[in-house]
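Okay, here's what each chain looks like letter by letter:
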Amino acid sequence: MYVYNDFDAAFVRERVAQFRAQVERRIDGSLTEDEFKPLRLMNGLYLQLHAYMLRVAIPYGTLNSAQMRQLAYIAERWDKGYGHFTTRQNIQFNWPKLKDVPDMLEALADVGMHAIQTSGNTIRNVTADHFAGAAADEIADPRPVAELLRQWSTDHPEFQFLPRKFKIAVTGSPNDRAVTKAHDIGLRMVLNEVGEAGFEVIVGGGLGRTPMIGKVIRDFLPEADLLPYVEAIVSVYNLLGRRDNKYKARIKIIVHEHGIEKIRDLVEARFAEIRPGFSGVDRAVLAAIRAQFENRSFERSDSPPSKPGYEAARAANPAFRAWTDTNLAPHRADGYAIVSVSLKAHGATPGDATAGQMRVLADLAEAYGADELRISHEQNVILPHVRVEHLHKVYQTLRANDLATANIGKISDIIACPGMDYCALATARSIPIAQEIATRFEALKLEHEIGDLKIKISGCINACGHHHVGHIGILGLDRAGVENYQITLGGDHTETAAIGERAGPGFAADELLSALERLLLAYLDIRESPEERFIDTYRRLGPAPFKAALYPEARADAA
Amino acid sequence: MTRRPFTPKVVTANALLEGDVVWLTAEDAWTRDIAEAELIEDEAHGQIRLLHAEAQPDVVVGPYLADAEPTPKGPAPVHFREAFRTRGPSNYPHGKQAGD
Ligand code: SF4
């Protein structure tokens, strides 16, 4: 893992001191809210419905046990004893007091963390595949590149006042777990004909009001050109991006309006201009970063992990077996597994962990997980390197702390944004909807029967809950003063990315659950086999049978 | 031309230091309980009260006029968003409902 050097540490401390003075000046009245707001946003501090909210960056979703413990400490000391992990692999504290925030930032700096550029029209926290460095299907760990991008984008003088926020995601695997096609820039590691690793560069993806799947701007970018090329893209966007209308300010609109060919020409021209200025320092920095990530070696193996004790425990304990079936992913090294810890206990708030749970996770990472944790964009925690013989022990500890829900990738593993329970921009709530869906399908005992399914819920059109790319997307709206939920079908966040289609009129909160039940019972009826996932059936048959299940009265009317 | 009748309002904001929801009372104080807020029944008076709130940037952030209705206990919210602001989030009793 990357460890802050003196420069990083000094920079973060300086920013804390600066913000402390700004908070003092706000409190004593020398700064107005209009003056203060951009300053607090640059430091991740929002004002939401019921309180301030501090959004802390977890770069590319990676943290160590000391950092996780510090998050637990912050949650207890200055918040209400828990934190909320987000789809951008960040953590949000929902109840800080203004005067405490500098102390919270100081505590973060103690463990090499910060809240810089988690808001504002800048390059935001760079996200990555949460299985990075561990996944069996990976070409190489994408996090050194993500860290290079973090260092380059932090306080980059040219890019502090972009037309709008800018999000970059990186993956080193062909299986896209990082939603690269829905980011301003998506970087997918690929190999060229001679086996060298480089990047397919995707630009102009995004969700929100105008959802777009990103377009390939470069099929293969040699790694040596990565930074200048990314800089060229952001530079072209900075000039071309619209500042007159915030709804048209993201790069996706620019790509859409000008066409990918024109944008490509502009980017290539800018790239040719700035490339000579990159003397190789970026390469040297990347090499140094990479050395920090590669201090552990795992051997590659194609055979599934198999250990006698583990198999015996699986045979003896059906609950453990169910958990291993859903919550483990293949590791690139023989004898290891990737553990996904579900933060989606049935009826719980998706993505929330108590301080106690954070400490348990930190302890497990330290004892059995090479001291590493990840936050996934699906709002779960990953222990990326667990030896197979330790899995049962890890499971038992998780279970004792309400962290062993065996539902990864299933109907209750729902992404939900904070919605109107916290967010000032929301048009409806999302959390209670997620809670109800999880509880209902658990009660119906249909979760495992239904199998792999991605439900994603947003509390407004900004789509922080990624509803457009959910197999089933749910968007909360305000219809004449009543919460109303619109369903989209057929979305996909992976390498086969697709924007879901609106199924029809929205549902009142008390109708939504029955509608989903009809939808999923219809799926169980029409799927070819239990192996055919909801999304596969949808692709095979199209929306008609699903719409008919959602809107039986429409079918009756038409008859 | 008929004018739409004025919907009664309350002045509401978030407190600068705590960030929590507050309402303006008829006595020029800020209260944490909407029932104690001043119910404004006249548009011009509403504008004056809003200006009064906006002149207190060292106490509150983002004051605005929100629809409210009279009840025997005092003003109550009309829209669900304002109702949530009187209570707190629905997933934990961490907001104003903690004191109920
Ligand atoms: S999608 Fe809307 S409601 Fe949800 S967190 Fe984003 S801005 Fe808030």
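### Considering the overall build of chain A
Here's step 1: For chain A, the count of helices and strands is 19 helices and 21 strands.
Here's step 2: By residue count, 62% of the 559 residues in chain A fall in the buried class.
Here's step 3: A separation of at least 24 residues holds for 67% of the contacts in chain A among residues at least 6 apart in sequence.
Here's step 4: Taken as a whole, chain A presents about 20700 Å² of accessible surface, with 52% of it coming from carbon and sulfur.
Here's step 5: Side-chain charges of chain A comprise 65 positive and 73 negative groups, with the mean position of each set lying 3 Å from the other.

### With respect to the domain arrangement of chain A
Residues and elements named next belong to chain A.
Here's step 1: In terms of domain boundaries, chain A breaks down into domain 1 (6-109), domain 2 (127-293), domain 3 (306-400) and domain 4 (415-558).
Here's step 2: Computed from C-alpha coordinates alone, the two centres of domain 1 and domain 4 are separated by 34 Å.
Here's step 3: The largest per-residue losses of area from domain 1 upon contact with domain 4 belong to Gln48, Leu49 and Thr87, which jointly make up 59% of the total buried on that side.
Here's step 4: Summed over the shared surface of domain 1 and domain 4, the number is 0 salt bridges.

### Focus: the interface of chain B and chain A
Here's step 1: Chain B puts 24 residues into the contact, and the matching count from chain A is 31 residues.
Here's step 2: Between chain B and chain A, roughly 2300 Å² of surface is buried when both sides are summed, and carbon and sulfur atoms account for 59% of that area.
Here's step 3: It is B:Phe80, B:Phe84 and B:His94 that lose the most area in chain B upon contact with chain A, and together they represent 24% of the buried surface on that side.
Here's step 4: Counting across the chain B and chain A interface gives 1 salt bridge.
Here's step 5: The partner of A:Lys97 in a salt bridge is B:Glu18, with the nearest N and O atoms 3.7 Å apart.
Here's step 6: Between chain B and chain A we count 12 residue pairs in polar contact (both at pLDDT 80 or more) in total.
Here's step 7: Among the elements of the structure, β1 (9-15), β4 (60-71) and α2 (80-87) of chain B are those that each provide at least two residues to the side of chain B that touches chain A.
Here's step 8: The element best represented in the side of chain B that touches chain A is α2(B), accounting for 4 residues.
Here's step 9: Split into classes, the residues belonging to the side of chain B that touches chain A amount to 11 nonpolar, 8 polar and 5 charged.

### Some points on the pairing of strand β19 (residues 482-489) of chain A
All names here are of chain A.
Here's step 1: Burial analysis of β19 places 7 of its 8 residues in the buried class, which makes it a mostly covered element.
Here's step 2: For strand β18 (residues 472-479) and β19, the ladder comprises 8 bridges, and the chain directions are antiparallel. For Leu475, the partnering residue across the bridge sits in β19 and is Gln486.
Here's step 3: Hairpin connection of β18 to β19: 2 residues between the antiparallel strands, including Ala480 at a positive phi of 50 degrees.
Here's step 4: Pairing geometry for β19 and strand β20 (residues 501-502), over 2 bridges, is antiparallel. Across the sheet, residue Thr488 finds its bridge partner in β20, namely Arg502.

### Thoughts on the site of the ligand
Here's step 1: All residues in the neighbourhood of the ligand are listed as A:Cys417, A:Pro418, A:Gly419, A:Cys423, A:Leu425, A:Ala426, A:Ser458, A:Gly459, A:Cys460, A:Asn462, A:Ala463 and A:Cys464.
Here's step 2: Partitioned by chemical class, the residues of the shell around the ligand number 8 nonpolar, 4 polar and no charged.

### Things to note about the nonpolar core
All names here are of chain A.
Here's step 1: Counting residues in each nonpolar core, the largest one holds 66 residues, and the members touching the most others are Met68, Leu71 and Leu398.
Here's step 2: Considering every element that reaches this core, the biggest residue donor is helix α12 (residues 355-368), with 7 residues.
Here's step 3: Per-domain counts for this core show at least three residues from each of domain 1 (6-109) and domain 3 (306-400).
Here's step 4: Setting aside residues up to four positions removed in sequence, Leu71 forms contacts with Ile58, Leu63, Ile91, Phe93, Leu108, Met113 and Met358.
Here's step 5: Counting residues in hydrophobic clusters, the runner-up holds 44 residues, among them Ile123, Ile168, Met189 and Ala232.

### Regarding the sheet that holds strand β6 (residues 127-128) of chain A
Residues and elements named next belong to chain A.
Here's step 1: Taken in spatial order, the 5 strands line up as β6-β7-β8-β9-β10 in an open sheet, and their pairing is mixed. Each edge of the sheet is formed by a strand with only one pairing partner; in this case those strands are β6 and β10 (215-222).
Here's step 2: One ladder, built from 2 bridges, connects β6 with strand β7 (residues 168-171); its direction is parallel. Bridging across to β7, Ala128 finds its partner in Val170.
Here's step 3: Strand contacts of helix α6 (residues 226-240): β7, β8 (185-191), β9 (197-203) and β10, with the helix running at about 155 degrees to β10, the strand carrying the most contacts.
Here's step 4: The strands touched by helix α8 (residues 260-274) within the sheet are β9 and β10, with β10 carrying the most contacts at an inclination of about 30 degrees.

### Re the pattern of salt bridges
All names here are of chain A.
Here's step 1: Inspection of the entire model under this criterion finds 48 salt bridges over all chains.
Here's step 2: A salt bridge links Glu366 to Arg69, with the shortest nitrogen-to-oxygen separation between them at 2.9 Å. One end of the pair, Glu366, is in helix α12; the other, Arg69, is in helix α3 (residues 65-78), and 297 residues separate them in sequence.
Here's step 3: Given the relative accessible area of 24%, Arg69 is considered partly exposed.
Here's step 4: A salt bridge links Asp244 to Arg242; the shortest N-O distance between them is 3.0 Å.
Here's step 5: A relative accessible area of 59% means that Asp244 is categorised as exposed.

### Things to note about the side chain of B:Asn91
Here's step 1: With respect to the helices and strands, B:Asn91 occurs in the segment after α2.
Here's step 2: Engagement of the side chain of B:Asn91 in a polar contact is seen with the side chain of A:Thr349, the distance being 2.9 Å.
Here's step 3: Among the polar contacts made by the side chain of B:Asn91, one reaches the side chain of A:Tyr422 at a distance of 2.8 Å.
Here's step 4: With residues near it in sequence (within four places) discarded, B:Asn91 still touches A:Thr349, A:Asp352, A:Asp421, A:Tyr422, A:Ile431 and A:Gln435.

Cut-offs applied
- Counting of residues starts from 1 at the beginning of each chain's written sequence and follows it residue by residue.
- Following the order in which they are written, the chains are lettered starting with A and the ligands numbered starting with 1.
- Local features in this predicted model are restricted to residues of pLDDT 70 or higher, and side-chain atom pairs are both shown and tallied only at a pLDDT of 80 or more, whereas totals for entire chains, interfaces and linings draw on every residue.
- Derived side-chain values reflect all non-hydrogen atoms in the structure, with water molecules and hydrogen atoms excluded from consideration.
- Secondary structure counts use DSSP, requiring at least four H or I residues in a row for a helix and at least two E residues in a row for a strand, with both numbered from the N terminus.
- Using a 1.4 Å probe on the protein chains alone, a residue whose accessible area is under 20% of its type maximum counts as buried, one over 50% counts as exposed, and one in between counts as partly exposed.
- The contact rule is simple, with two residues in contact once any of their heavy atoms fall within 4.5 Å.
- Only the protein chains shown count as cover for residues, and the accessible areas themselves come from Shrake-Rupley with a 1.4 Å probe.
- Positive charges come from Lys and Arg, negative ones from Asp and Glu, while His and the chain ends are left out of the count.
- Every charge is mapped to an atom, namely NZ of Lys, CZ of Arg, CG of Asp or CD of Glu.
- Where each domain starts and ends comes from a domain assignment, either automatic or drawn from a database.
- Once two parts are put together, the accessible area they lose, assessed with a 1.4 Å probe and summed over both, is termed the buried area.
- We define a salt bridge as a side-chain nitrogen of Lys or Arg found within 4 Å of a carboxyl oxygen belonging to Asp or Glu.
- Polar contacts, as used here, are pairs of N or O atoms within 3.5 Å; protein pairs need one atom able to donate a hydrogen and one able to accept it. Residues neighboring in sequence count only if both atoms are side-chain atoms.
- Each residue is assigned to one of three groups, with Ala, Val, Leu, Ile, Met, Phe, Trp, Tyr, Cys and Pro labelled nonpolar, Asp, Glu, Lys and Arg labelled charged, and all others, Gly among them, labelled polar.
- Any two strands with at least two DSSP bridges between them are considered paired.
- When at least one non-hydrogen atom of a residue lies within 4 Å of a molecule or strand, that residue is treated as near it.
- Throughout, nonpolar core names a set of buried Ala, Val, Leu, Ile, Met, Phe, Trp, Tyr and Cys residues whose side chains join them through atoms within 4.5 Å.
- Axes here mean lines fitted to C-alpha atoms, for a helix over just the part in contact, with angles spanning 0 to 180 degrees between N-to-C directions.

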